[in-house]
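# A structural walkthrough
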Amino acid sequence: MKKFSNLLIAICLLACVFSCSKSDEVVTVSQPLLTIGKAVDNKTPLSGSIKGTMKSDSVYNVNGDVFINENDTLLIQPGVKIYINGNYSIVVKGTLLSLGSKDKPIYFTVKNVTKTDQIGADPTTDPAYKGLWGGILGETTAKLLVVKWTHVEFGGGKQPFLRFLLSQITETLILCVSVIRTVFLF
């Protein structure tokens, strides 16, 4: 019985040693996109309260003020384009996570408007500084606002965007590798 046990152990060891081999194959494990709640519908224009996930590479149109209510979260995946069609604002009372990437930034912008992007150009003639929509406004109840690899363009129409945003957020604001082209009224 002891010889049988030793033979069985030896066979198992040999099987382990000779069955394992190192492969030169490179395996890329992709990371699934973060999702929160249900997908936000992009077939009808947005206005009023929204929460959930704006899906990657989708286009959304805003035709009224948008609110992210206290205790709600809006997650925006990479590659999303949000077109604001009027002097409307995105009011954050809860959490906004705009998580673009280098290859797929997120855009909050206006359709069919071109900025000059010329250093020294007169800002009164550049549409980027006209305030064509209200901007992203953080209320005092906003817990977290993350703007990563995100372009915010042509905002500042209703409220002084940055001053209001920074002065009202009581918890956390994270701006990371983003471009903000908007009216700054201090």
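Quick look at the structure, then. (Residues numbered from 1 in each chain as written. Predicted model: local features only at pLDDT ≥ 70, side-chain atom pairs only at ≥ 80, totals over all residues. Heavy atoms only, no water.)

### Some points on the side chain of Thr-95
Put simply, the test is: Counting from the N terminus, the helices are the DSSP runs of H or I reaching at least four residues and the strands are the DSSP runs of E reaching at least two. Partly exposed describes any residue whose relative accessible area lies between the buried limit of under 20% and the exposed limit of over 50%, with all areas from a 1.4 Å probe on protein chains only and scaled to the type maximum.
Of note, Thr-95 is situated in strand β7 (residues 95-99). For Thr-95, a relative accessible area of 13% puts it in the buried group.

### A look at unusual backbone geometry
Positive phi, close to 70°, is recorded for Asn-71, a residue that is not glycine. Mapping Asn-71 onto the fold places it in the loop between β3 (59-68) and β4 (73-76). Taking relative accessible area as the criterion, Asn-71 reaches 66% and is therefore assigned exposed. One non-glycine residue, Trp-149, lies in positive phi territory at about 50°.

### Regarding the pattern of salt bridges
Side chains that differ in charge, positive against negative, can pair when their charged atoms come close. The cut-off we apply is this: Each salt bridge in this description consists of a side-chain nitrogen of Lys or Arg and a carboxyl oxygen of Asp or Glu lying within 4 Å of one another.
Using the criterion set out here, one finds two salt bridges in the structure. A salt bridge links Lys-51 to Asp-72, with the shortest nitrogen-to-oxygen separation between them at 4.0 Å. In this pair, Lys-51 sits in the loop between β1 (46-49) and β2 (52-54) while Asp-72 sits in the loop between β3 and β4, placing the two residues 21 residues apart along the sequence. Across the pair Lys-104 and Asp-57 runs a salt bridge whose closest N-O atoms are separated by 2.8 Å. One end of the pair, Lys-104, is in the loop between β7 and β8 (106-109); the other, Asp-57, is in the loop between β2 and β3, with 47 residues separating them in the sequence.

### Re the environment of Ile-136
Mapped onto the elements, Ile-136 comes out in strand β9 (residues 135-138). When its relative accessible area of 2% is taken as the criterion, Ile-136 is described as buried.

### A word on the side chain of Thr-53
The following threshold applies: Residue contacts are defined here by distance: any two heavy atoms, one from each residue, within 4.5 Å place the two residues in contact.
Position of Thr-53 relative to the elements: it lies in strand β2. Residue classification places Thr-53 among the buried positions, given a relative accessible area of 0%. Setting aside residues no more than four positions away along its own chain, Thr-53 makes contact with Leu-34, Thr-35, Ile-36, Lys-38, Ala-39, Val-40, Tyr-60, Leu-75 and Gln-77.

### Points about the packing of aromatic side chains
Here is the rule: Two aromatic rings, drawn from Phe, Tyr or Trp (for Trp, its six-membered ring), form a pair once their centres lie within 6.5 Å of each other, and the interplanar angle then sorts them: stacked below 30 degrees, edge-to-face above 60, tilted otherwise. Sitting over a ring, as applied to charges here, requires NZ of Lys or CZ of Arg to be within 6 Å of the ring centre and within 35 degrees of the ring normal.
Overall, the coordinates contain one aromatic pair when judged by the stated rule. With a centroid separation of 6.4 Å and an interplanar angle of 20°, the aromatic rings of Phe-108 and Trp-133 are classed as stacked. Of the two residues, Phe-108 is situated in strand β8 and Trp-133 in the loop between β8 and β9; the sequence distance between them amounts to 25 residues. The buried category is assigned to Phe-108, whose relative accessible area is 1%. One residue, Lys-111, lies across the ring of Tyr-83, its end atom 5.3 Å from the ring centre.

These figures come from the coordinates and say nothing about function on their own.
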